[in-house]
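Architecture at a glance
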Amino acid sequence: MSQTATVTLLLTDLVDSTRLVSELGDAAAAALMARHDRVARDLLPRHSGREIDKSDGFLHIFDEAVDAVAYAHAYHRALADLSRDEGLVLAARAGLHTGSVRLTWNSAEDVALGAKPCEVEGIAKATAARIMTLARGGQTLVSADTRAVVAPVLDDRRDVRIVSHGHYRLKGVEAPLEIFEVAAVQEGVLRPPPDTAKVHRVVRTEGGWRPAREVPNNLPPDRVAFFGRKDELRAIADQFGAGARLVTLAGPGGTGKTHLSTHYARAWLGDWPGGAWFCDLSEAHSELDIARALGAALQVPLDQGEPTATLGAALAQRERTLILLDNFEQIVDFADATVATWLDQAPAVCWLVTSRQRLDLRGEKLVFVEPLPLPSPDDELALLRDNAAVQLFVARAQAVQPRFRLDAEVAADVARLVRLIDGLPLALELAAARVRVLPPKRILDRMGRRFDLLRGQRGRRNRRSTLKGTIDWSWDLLAPHERWALAQCAVFEGTFDLDAAEAVLDLSAWPDAPWPMDTVESLVDQSLVRAVVQPDGETRFGLFRSIRDYASEKLGDPGAVRDDEGTAVSGPAGRDEAALRHAEHYARWGDPVELDGLHGPDGAALRARLAADLDNLVAAVRAAARAGAGDAAAGAALGALALLRTTGPFPLAEQLTAEALAHDPHDDAKARLLVAQGIARNRAGRAEEAVSVLEQARALAQGLGDRALEGRAVAALGYSQLHRGALEAAETTLRAALQLLRRAGDRVQEAEALTELAHVVGIRGGRFEEGRAALEQAIEIQQHQGDLGGEAVSHGYLGAVHAIQGDFGPGLEHYVRSRDLAREVGDRRAEGLAEGMIAGIHFLQQRHDEARPAFQRALRIQSSIGDKVHEAMTVANYCSLLQDTGELDEAARMMQRAIAIARETGDPTTEGMSLGSLGEIRALDGRLGEALVTLQEGEARLRTAGDPTELAKLLCKMGMVQLQLDDHEGADESRAEAAALAAELGVGDDSELAQRLGALRAALGG
């Protein structure tokens, strides 16, 4: 049976499928393709599509073109998810065309013999296939017919873009077809596809259609592959598409502006029937130089008449033309006399300029060219391979060392190297060239001398052959006061705001110099300082690491900057004075009133500001300590510690307190530093060492008559006792702290002490109702104060109280609330704890697929911030999952890690829990004698810790091992004690303890 119908055909094809088979092997590739096919087919019913045929990709048909487009986008996203799951990069091309086809349904008998259920015939099928072959990986291309159908629905949507890529001539199709890309915002390729054997781009000229590749140009050949820059390329195309005639690519030296400009011109050559012409102006220093260079590029003789006017007359005769002016920064003063004049004279000519600063001409549109996006420290190998900066490094490394591969052995070193050089393309290329003689790890070791390391090949000494030469070019273009401002900016770490710049930059050597604000703005315009607009609308400034290192050298060099009389202002003295101004500015963060605001309604915004200044606070502590400025060191340290106590890393917090305390700050600051040091030691798992400094802090606070500070010190002492397993002492100490804090009226710290008291009596002591009441009181205070960070911790502990009793639903709700609040305020410690507890509930409910990634996220956070207390507990719980899934060797290895951390931190509860789990693993492995000894060791630690819940669970594990050893009497004694503890605790039937106790009873015969 046959019929004619108008449908939308969608063809897809996996990119590099042959390479995948070669890399994975036949069996693994077949399994991967099966998962791919399942993903692709599962999407069809949701988008009303039908599968017609399959090879490496699919042929689908849709009655509605909008459904076909939606399917294509969903398919690309599904492939991205599959790539992350599989640890590799999968991408497909997709082509759509709407037209009339003949559909023929084969009989059941023919289908049984191998025929397809439905045959599709007609020129529309061939057209869709040709369009699909044009697409790049991740790209969805559609014909003008499809675009006309979907436009009324998609044109008004802000999450989708439809972009024309010009006209293409398809083999077998008489007239050129306009090809469009439909992409979700921030997705897709949005770049004209290259020609193929059967499809090529054409451009309409005065003489008719001609292949775009024949458009006249003098573009330098692309000798190396191009990576990334999708957004910048699209921005250039959008500006010209919207009618702009002058687009300036602005950015610091070494970001690849020249390569970007020529790549754009080559990719979009079909938009410029008059040609694309490249002109290098690096040697130009006058208006005449500019005219001569452009005349040579365009082959326009300038031997008669005034050169600028002669060029203008010649350009006025051209049809739509693109001219690339490269390296304009040293001649911006002549832009008005040249480029502006030609803009007026030649309306069909457009200009793409690369410069380290804007031209400041009417109608100029800027596209900023930053270094390539950096990989995250947490990125896995597949994501690293997909990062453009890493791809550039690897490609250039393989050019000099063909055997180089980005594998698990070198991935972390490459990622760190890319981050250290800020993703700057020039620096990446120069570093990659060293792979010929040095592996990435050894290159990293030499990054302290980056300007010696990052040089080009011997004999190449132009400014692009060394990183230093590139920055020298920009430095030489600065005025003296700008040089001194840039040099002083080297004292900043990370980013800084305008207040900091005005406090630190001293331009008094030039009486007529602009304000620091104006000078910073000038440095931004010249691409030496970055301006980053924050989510709150404020602007922060920063230097790329290479520029900062260069500026730092100039800051300490006595001959680098001189005033108008020739006196050196740079040098060691100038560097030390700038560093001290920097330290004194950031010491303001130590103001107690300012820091108390972290626990109020504006706490999230204040915490964000503090986080943005953290690198500067650390630098300020160290600079003030070197200068012997104890109070400045203390102020900056207290600001940093207010953040580090929740974000870690805790070892850094302790280092900063030690450095600030070494320079004799006044007693109030000293007491506050000692409290912070004690808290840092507690959270790093060194509770024993925390006691002495907290006792000193309490004594100082008493002498000062500061009850609130004394209460904080006492509360921290209570936490130390809790961590060491002294529950009775901890309860007594925390109640004493509560009295002090209530008398002082410190509601925020009162709520924190209540939370820790609930930890003692509820979570560790098994007095659940009392613990719940304390936590509810704490949350009420925290909500009234607007203390979201404190509330995050309290909800986490409340979740634990519910979970221990088997109330997993409410427990999970509180854990999720804790995690979400912690993320909102940036409390990494609370986030890691909540994530680990969420994983624990998923595990207890046998949702292993959800538990495993949650455990792994928690461990990444805890390891990165140095939260050894909670890391040991999370490792122990994760091992239970590994044990459940039969990964016994890995479980035993990780459990030994948990035990080692618990012993290092002096935590008897976690050590006892971990020993109990290790004993259970050894029993499953058939090593019953070792298992019993391990369980007995864990029992002793838990009895020391006084934790009835964990002790009862371990006794159940011990009872099971005793049964396997035919010790029924011992097993029954273990059951009886566990049952008595469970009854005393009042845990619910769904709790882990109740489940273990039930299993032991059943094993004993009821």
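What this report covers is the structure whose coordinates are included nearby. (Residues numbered from 1 in each chain as written. Predicted model: local features only at pLDDT ≥ 70, side-chain atom pairs only at ≥ 80, totals over all residues. Heavy atoms only, no water.)

1. Quick look at the packing of aromatic side chains
- Under the counting rule described, the total for this entry stands at 11 aromatic pairs.
- A ring pair is formed by tryptophan 475 and tyrosine 550, whose centres lie 5.9 Å apart and whose planes are at 65°; its orientation type is edge-to-face. With tryptophan 475 in helix 18 (residues 467–476) and tyrosine 550 in helix 22 (residues 545–556), this residue pair connects regions lying 75 residues apart in the sequence. Grouping residues by exposure puts tryptophan 475 and tyrosine 550 together as buried.
- Taken together, Phe240, Tyr264, Trp268 and Trp272 form an aromatic cluster joined through their ring pairs.
- The ring centre of phenylalanine 180 lies 5.4 Å from the NZ or CZ of arginine 147, which sits over that ring.
- We note arginine 320 situated over the ring of tryptophan 272; from NZ or CZ to the ring centre the distance is 4.0 Å. (Phe/Tyr/Trp six-rings, centres within 6.5 Å; stacked < 30°, edge-to-face > 60°. Helix = DSSP H or I, 4+ residues; strand = E, 2+ residues; numbered from the N terminus. Buried < 20%, exposed > 50% of the residue type's maximum accessible area, 1.4 Å probe, protein only. Lys NZ or Arg CZ within 6 Å of the ring centre and 35° of its normal.)

2. Overview of the pattern of salt bridges
- Inspection of the entire model under this criterion finds 59 salt bridges.
- A salt bridge links arginine 229 to glutamate 232; the nearest nitrogen and oxygen atoms lie 3.0 Å apart.
- We classify arginine 229 as buried; its relative accessible area is 7%.
- Notably, a salt bridge pairs glutamate 329 with arginine 356, separated by 3.7 Å at the nearest N-O pair. Here arginine 356 lies in the loop between strand 14 (349–355) and strand 15 (364–368) and glutamate 329 lies in the loop between strand 13 (321–326) and helix 11 (336–345), a separation of 27 residues in the sequence. Note on accessibility: glutamate 329 and arginine 356 belong to one class, buried. (Salt bridge = Lys/Arg side-chain N within 4 Å of Asp/Glu carboxyl O.)

3. A word on the pairing of strand 6 (residues 140–143)
- With burial as the criterion, each face of strand 6 is covered, one bearing Thr140 and Val142 and the other bearing Leu141 and Ser143.
- When strand 4 (residues 92–105) meets strand 6, the two strands line up parallel, connected through 3 bridges. Residue pairing in the sheet places alanine 94 in a bridge with threonine 140 of strand 6.
- Pairing between strand 6 and strand 8 (residues 177–184): 3 bridges, direction antiparallel. Counted as the bridge partner of leucine 141 is glutamate 181 from strand 8. (Pairing = 2+ DSSP bridges.)

4. What about unusual backbone geometry?
- In this structure, the amide linkage connecting glycine 648 to the following residue, proline 649, adopts the cis form with an omega of 0°.
- Its place among the elements puts proline 649 in the loop between helix 27 (630–647) and helix 28 (650–661).
- Unusually for a residue other than glycine, glutamine 299 sits at a positive phi of about 60°.
- Within the element layout of this structure, glutamine 299 appears in the loop between helix 9 (287–298) and helix 10 (307–315).
- Judged by relative accessible area, which is 71%, glutamine 299 ranks as exposed.
- Look at aspartate 664: it is not a glycine, yet its phi comes out positive at around 50°.
- Turning to its location among the elements, aspartate 664 is positioned in the loop between helix 28 and helix 29 (667–683).

5. Thoughts on the nonpolar core
- With 100 residues, the main nonpolar core has Phe393, Leu486 and Phe496 as its most contacted residues.
- The greatest single-element share of this core, amounting to 11 residues, is contributed by helix 27.
- Ignoring anything within four residues of it in the chain, the contact list for phenylalanine 496 reads Cys489, Ala501, Arg540, Phe541, Gly542, Leu543, Tyr586 and Asn616.
- One finds Ala753, Leu812, Met873 and Leu981 within the second-largest nonpolar core, a separate group that totals 67 residues. (Core = buried A, V, L, I, M, F, W, Y, C linked by side-chain atoms within 4.5 Å. Contact = heavy atoms within 4.5 Å.)

6. Digging into the sheet that holds strand 15
- In spatial order, the strands read 12-13-14-11-15; together these 5 strands make up an open sheet with parallel pairing. On the outer flanks of this sheet lie strand 12 (276–280) and strand 15, each paired with one strand and no other. Going from strand to strand, the sheet's axes swing by 20° on average, the running direction of each strand aside.
- As judged from the 5 bridges shared by strand 11 (residues 246–250) and strand 14, these two strands associate in the parallel manner. Directly across from valine 247, in strand 14, lies its bridge partner leucine 352.
- Lying over the sheet, helix 11 contacts strand 11, strand 13 and strand 14, oriented at roughly 160° with respect to strand 14. (Axes fitted to C-alpha atoms, helices over the stretch in contact; angles between N-to-C directions.)

7. Quick word on the sheet that holds strand 17 (residues 530–533)
- Strand order across the open sheet formed by 3 strands is 16-18-17, with antiparallel pairing between neighbours. In this open sheet, the two edge strands, each paired with only one partner strand, are strand 16 (495–496) and strand 17.
- Judged from the 2 bridges that link them, strand 16 and strand 18 (residues 539–542) form a sheet pairing that is antiparallel. By the bridge assignment for strand 18, phenylalanine 496 is matched with phenylalanine 541.

8. Regarding a negative patch on the surface
- A contiguous patch of negative charge, built from Asp499, Glu502, Asp536 and Glu538, is present on the exposed surface.
- Within the secondary structure, aspartate 536 is located in the loop between strand 17 and strand 18. (Patch = residues over 30% accessible without salt bridge, like charges linked within 9 Å, V, L, I, M, F, W, Y side chains within 5 Å. Areas by Shrake-Rupley, 256 points an atom, 1.4 Å probe, with all protein chains shown as cover. Lys, Arg positive; Asp, Glu negative; His and termini not counted. Charge placed at Lys NZ, Arg CZ, Asp CG, Glu CD.)

9. Observations concerning the environment of alanine 701
- You can see alanine 701 is positioned in helix 30 (residues 687–704).
- Sequence-wise, alanine 701 and leucine 812 are 111 residues apart; in three dimensions their C-alpha atoms are separated by 40 Å.
- When near neighbours in sequence (up to four residues on either side) are disregarded, alanine 701 contacts Ala671, Asp706, Leu709 and Glu710.

10. A look at helix 21 (residues 516–525)
- When helix 21 is considered as a whole, its buried residues turn out to be Pro516, Thr519, Val520, Ser522 and Leu523. All buried residues of helix 21 project into a common sector of 155° when viewed along the axis, lining one side.
- Where helix 21 is buried, its residues meet helix 19 (480–488), helix 20 (498–504) and strand 18.
- Looking one or two residues past helix 21, serine 527 carries a phi angle of roughly 65°, positive in sign. (Arc of directions from axis to C-beta.)

11. Some details on the packing of helix 36 (residues 808–825) against helix 37 (residues 828–844)
- Running from N to C, helix 36 and helix 37 point in directions that differ by 155°, and their axes come no closer than 8 Å. Between helix 36 and helix 37, the interaxial angle falls into the category roughly antiparallel. Classified by chirality, the crossing of helix 37 by helix 36 is left-handed. Contacts between helix 36 and helix 37 pair Phe808, Gly811, Leu812, Tyr815, Val816, Ser818, Arg819, Ala822 and Arg823 from the former with Ala830, Glu831, Ala834, Glu835, Met837, Ile838, Ile841, His842 and Leu844 from the latter.
- Its residues placed into classes, the contact of helix 36 with helix 37 shows 11 nonpolar, 3 polar and 4 charged. (Parallel < 35°, antiparallel > 145°, perpendicular 65-115°, else oblique. Left-handed = near helix turned anticlockwise from the far one by under 90°. Nonpolar A, V, L, I, M, F, W, Y, C, P; charged D, E, K, R; others polar.)

12. Section: the environment of valine 437
- With respect to the helices, strands and loops of the structure, valine 437 is situated in the loop between helix 15 (425–433) and helix 16 (440–445).
- On a C-alpha basis, the gap between valine 437 and valine 400 in space is 9.4 Å, while along the polypeptide they are 37 residues apart.

13. Re the environment of alanine 778
- Secondary-structure assignment places alanine 778 in helix 34 (residues 768–785).
- Classification of alanine 778 by relative accessible area gives buried; the value is 0%.
- C-alpha of alanine 778 to C-alpha of alanine 669: the two residues are 109 residues apart in sequence and 28 Å apart in space.
- Setting aside residues no more than four positions away along its own chain, alanine 778 makes contact with Ala751, Leu754, Thr755 and Ser794.

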